[in-house]
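Single-letter residue listing:
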Amino acid sequence: MQVPFLDLRTQFKSLRDEIIPAVTDIMERGAFVGGPALADFEKAFAEFCGADFAVGCGNGTDALQLALRAGGIGVGDEVITAANTFVATVEAIALTGATPVLVDMDPATYHLDISQIEAAITPKTRAIIPVHLYGDPVDMDPILEIARRKFLLVIEDSAQSHGATYHGRPCGSMGDISGFSFYPGKNLGAYGDGGAITTSRDDLAQMVRQIGDHGSPKKFTHDKLGTNSRLDAIQAVVLKAKLGHIKQWNENRRAIAATYREHMGDIDGLFLPEEREGHKSVYHLYVIRSAKVKDIDEALKKADIGFGYHYPVPVHLQDAFKHLGEPGRFPEAEKGAREILSLPMFPEMSKEQAIYVAQTVRSAI
Ligand SMILES: *Cc1c(COP(=O)(O)O)cnc(C)c1O
């Protein structure tokens, strides 16, 4: 048996008859930027996220950056986020001119350690970006409570969590504004780069749309410094078609996670993702943790099973961001990075494949 880490080609086969005509239609109409196809997807995506507005943009990094800029955040401001996120979260903060302030990982959840947030707040702090890492929603209530008390903007990084819910509330509906990525490998992936923000604040939605379209509220008028970050019509029809399937795909991912748990839950020294009460994860990634990660790595390679590391080097240990913390500054993130590994996880994966992966992990330990 062979198990890839993810399999976008098999998924395309099941979507071909829906997507080819929709993309052809865009090309025949010749309306490639903006237009009804984009509006149609934005409306459907906002509804899916339980938000009043969605605004498409170029990618997930831009979504976060536009959200920050729409919130008025820039030079002189500080923004708190997790030390163990994908680098893009921190990039987005830095690109606005604001200073990223990292908080260590909570080893029980792999999210930022909520008990350390208040100590990181200074008079310059303007916002906090909780990252719904691996598809599991962050425990938002305590974060929203701190933010309310300290007058901070809450920007959810939902790039890995399309459709995940926290006590019934979807990711993308809980903070002031949220950034999504439609990178092809995400749970909802375009056929190229794409992103969106969701929000129920009319002012933020309008501001994101304006900044992402050259600071232009109407043709030939440029009120503020903007940029070009828009979602192409071709990507919008691809995403609209895929949105019709994502609930089922997320359920498939959850079923694979259940199979993994069933077949690996008893292995000593192996930590599996927890299903916390009220958290409905969509398992963007299935991340296991073990001191024997090198042995697992070797066994998976031998067994022809794809896998990954998310992420092997914490942000502050990257050269580009070494000013954000000395080695040793975020011990849990650093230790975690050495012990985690991501197993295959995609909606088209079979139960037999999941069992084969689990048996291989067991034999390695
Ligand atoms: C993918 C991702 C992003 C960035 O999205 P891009 O579309 O690749 O720019 C941001 N944050 C997290 C947590 C991500 O996984």
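So, how was this worked out
Residues numbered from 1 in each chain as written. Predicted model: local features only at pLDDT ≥ 70, side-chain atom pairs only at ≥ 80, totals over all residues. Heavy atoms only, no water. Helix = DSSP H or I, 4+ residues; strand = E, 2+ residues; numbered from the N terminus. Buried < 20%, exposed > 50% of the residue type's maximum accessible area, 1.4 Å probe, protein only. Contact = heavy atoms within 4.5 Å. Near = heavy atom within 4 Å. Polar contact = N/O pair within 3.5 Å; in protein donor to acceptor, adjacent residues only side chain to side chain. Areas by Shrake-Rupley, 256 points an atom, 1.4 Å probe, with all protein chains shown as cover. 1 Å grid on protein atoms, 1.4 Å probe; cavity = no way out; pocket = protein on both sides within 12 Å on 5 of 7 lines; lining within 4 Å. Sits in = over half its atoms within 2 Å of the grid points. Nonpolar A, V, L, I, M, F, W, Y, C, P; charged D, E, K, R; others polar. Arc of directions from axis to C-beta. Pairing = 2+ DSSP bridges. Core = buried A, V, L, I, M, F, W, Y, C linked by side-chain atoms within 4.5 Å. Points joined across faces, edges and corners; volume = space filled by probe spheres on them. Domains from an automatic or database assignment.

> Just checking my understanding: could you explain the environment of A31 for this structure?
Here A31 shows up in the loop between α1 (8-29) and α2 (36-49). A relative accessible area of 34% places A31 in the partly exposed class. C-alpha of A31 to C-alpha of D232: the two residues are 201 residues apart in sequence and 9.4 Å apart in space. The contacts of A31, once residues within four sequence positions are left out, are I26 and A233.

> Looking at this structure, I do not really get the site of the ligand. What am I missing?
Around the ligand lies a shell of 13 residues, among which G60, T61, Q160, S181 and K186 are the nearest. At 2.7 Å from an oxygen atom of the ligand is found a main-chain nitrogen or oxygen belonging to G60. Here Q160 contributes a side-chain N or O atom positioned 2.8 Å from an oxygen atom of the ligand. Bound to the protein, the ligand loses 92% of the 380 Å² it would expose on its own. A majority-of-atoms criterion places the ligand in the largest pocket. Contributions of two or more residues to the shell around the ligand are made by α3 (60-70) and α4 (87-95). Each residue belonging to the shell around the ligand can be placed in one class, and the counts come to four nonpolar, seven polar and two charged.

> For this particular structure, what's the right way to read helix α6 (residues 140-150)?
Three- or four-residue spacings in an α-helix give side chains the same orientation, since the helix completes a turn every 3.6 residues. If you check which residues of α6 are buried, you get M140, I143, L144, I146 and A147. Projected down its long axis, α6 shows its buried positions confined to an angular sector of 160°, all on one face. The inward-facing, buried residues of α6 contact α5 (117-120), β4 (125-129), β5 (153-157), β6 (165-166) and β7 (169-170). Of the residues trailing α6, F151 is marked for its positive phi of about 55°.

> Would you mind showing me how to read the side chain of K186 here?
Among the structural elements, K186 can be located in the loop between β8 (177-181) and β9 (195-199). Aside from chain neighbours lying at most four places away, what touches K186 is A159, H162, S181 and H284.

> I tried to follow the environment of V101 on my own but got confused; where do I start?
Inspection of the secondary structure assignment puts V101 in strand β3 (residues 99-103). On the basis of relative accessible area, V101 is assigned to the buried category, the value being 18%. Sequence-wise, V101 and I128 are 27 residues apart; in three dimensions their C-alpha atoms are separated by 9.2 Å. Ignoring any residue separated from it by four or fewer positions in sequence, one finds V101 in contact with E78, V79, I80, T81 and A120.

> I tried to follow the sheet that holds β6 on my own but got confused; where do I start?
One key point about sheets: their strands pair by backbone hydrogen bonds, in either a parallel or an antiparallel sense. Spatially, β7-β6-β10 is the arrangement adopted by the three strands of the open sheet, whose pairing is antiparallel. The sheet terminates laterally at β7 and β10 (279-280), the two strands that pair on one side only. Relative to β10, β6 runs antiparallel, the two being bridged by two bridges. Along β10, the bridge assignment pairs T165 with K280.

> How should the nonpolar core be read in this particular structure?
A general trend in soluble globular proteins is that nonpolar side chains are found buried together. If you look at the biggest cluster of nonpolar residues, it comprises 28 residues, and the most contacted ones within it are Y260, M264, Y286, I288, L300 and L343. Within the residue set of this core, elements represented by two or more residues are α9 (246-264), β11 (286-289), α10 (293-302), β12 (340-343) and α12 (351-364). Top contributing element to this core by residue count: α12, with five residues. The contact partners of M264, leaving out residues within four places of it in the chain, are L270, L272, Y286, L343, A358, V361 and R362.

> So what exactly am I meant to see when it comes to empty space enclosed by the protein here?
It is a probe the size of a water molecule, rolled over the atoms, that shows where empty space is left. What the rule picks out here adds up to two cavities of 30 Å³ or more. Lining the largest cavity are 16 residues, and of these L8, Q11, K186, R253 and P347 sit closest to its centre. Of all the secondary-structure elements, those providing two or more residues to the lining of the largest cavity are α1 and α9. Per-domain counts for the lining of the largest cavity show at least three residues from each of domain 1 (8-103 + 111-243) and domain 2 (246-364). Looking at the second largest cavity, its volume works out to about 100 Å³. Considering the residues around the second largest cavity, the lining is formed by 14 residues, among which N84, Y311, A333, A337 and I340 are closest to the centre. Per element, the largest residue contribution to the lining of the second largest cavity is three residues, and it comes from helix α11 (residues 331-339). In terms of domain composition, the lining of the second largest cavity takes at least three residues from each of domain 1 (8-103 + 111-243) and domain 2 (246-364).

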